[in-house]
Amino acid sequence: QVQVVESGGGSVQAGGSLRLSCTVSGYTDGWYSMGWFRQAAGKEREGVAGIYFRSGSSYVDLHVRDRFTISQDSAKNTVYLQMNNLKPEDTAMYYCAASRRVSTVGLSNPSGYDYWGRGTQVTVSS
């Protein structure tokens, strides 16, 4: 079975940094794309960043573009989200998603992904 497992969340002070990791397993062929989403309490899930595995092309949401970076290690089927200068507004459950198929929607659209992790909590205090 395909598994998507996130790690690296935790509690930090405003201005601190965290690096989230997401590893997918159970599928031997290459992955088409992976992405990060987050959902704060009482809010809708929103796209944070995503990457196409083969090309390395990626996006980061405008609201966090100057502070967050997405990267990958294709040999390990792993994607990372480096989060710097964290703010209380970044507090949310962060989810990793992956897709084995070509999608007709952008990386920021959750409908383009087939597999989801259970999430890792990020809490930023002021």
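Preceding this paragraph is the structure being described.
Keep in mind the model is a prediction, meaning the values are calculated, not measured. Each chain has its residues counted from 1, running along the sequence as written. Only residues with pLDDT of 70 or above have their local features reported here, since the model is predicted, and side-chain atom pairs are shown and tallied only from 80 upward, although totals for entire chains, interfaces and linings are computed over all residues. Side-chain measures were taken over the full set of non-hydrogen atoms in the model, leaving aside hydrogen atoms and water.

A.B. asks: Hey, could you go over the nonpolar core for me, with residue numbers and the actual values?
C.D. replies: For this analysis, a nonpolar core means a set of buried residues of the types Ala, Val, Leu, Ile, Met, Phe, Trp, Tyr and Cys, connected via side-chain atoms within 4.5 Å. The classification of residues rests on relative accessible area computed with a 1.4 Å probe and restricted to protein chains. Under 20% of the type maximum is buried, over 50% is exposed, and intermediate values are partly exposed. Among the nonpolar cores identified, the biggest contains 28 residues, and W36, F68, L81, M83 and Y94 are the most heavily contacted of them. Each helix is a run of H or I in the DSSP string that is no shorter than four residues. Each strand is a run of E no shorter than two, and both are numbered from the N terminus. Of all the elements in the fold, those that place two or more residues in this core are β3 (18-25), β4 (33-39), β5 (46-52), β7 (68-73), β8 (78-83), β9 (92-99) and β11 (120-125). What M83 contacts, discounting residues up to four positions off in sequence, is G16, S17, L18, L20, R67, F68, Y94 and V122. Formed by 5 residues, the second largest nonpolar core is a distinct cluster that contains F37, Y59, A97 and L107. The contact criterion used throughout is that any non-hydrogen atoms of two residues lie within 4.5 Å.

A.B. asks: For the pattern of salt bridges, give the residues involved together with the corresponding values.
C.D. replies: Any carboxyl oxygen of Asp or Glu within 4 Å of a side-chain nitrogen of Lys or Arg constitutes a salt bridge here. Inspection of the entire model under this criterion finds 4 salt bridges. Between R67 and D90 there is a salt bridge whose closest N-O contact spans 2.7 Å. Separated by 23 residues along the polypeptide, R67 in the loop between β6 (58-60) and β7 and D90 in the loop between β8 and β9 bring together distant segments of the chain. Accessibility expressed as a relative area gives 11% for R67, which makes it buried.

A.B. asks: Which residues make up the pairing of β4, and what values do they have?
C.D. replies: Where burial is concerned, most of β4 is hidden: 6 out of the 7 residues are buried. Strand pairing is defined by DSSP finding a minimum of two bridges between the two strands. Pairing geometry for β4 and β5, over 6 bridges, is antiparallel. If you follow F37 over to β5, its bridge partner there is G47. The hairpin turn running from β4 into β5, its antiparallel successor, is 6 residues long, and G42 in that turn takes a positive phi close to 80°.

A.B. asks: Break down unusual backbone geometry for me, citing the residues and quoting the values.
C.D. replies: With a phi close to 50°, N77 is a non-glycine residue in the positive phi region. Mapped onto the secondary structure, N77 falls in the loop between β7 and β8. Positive phi outside glycine occurs at N85, with the angle close to 50°. With respect to the helices, strands and loops of the structure, N85 is situated in the loop between β8 and β9. With a relative accessible area of 38%, N85 lands in the partly exposed category.

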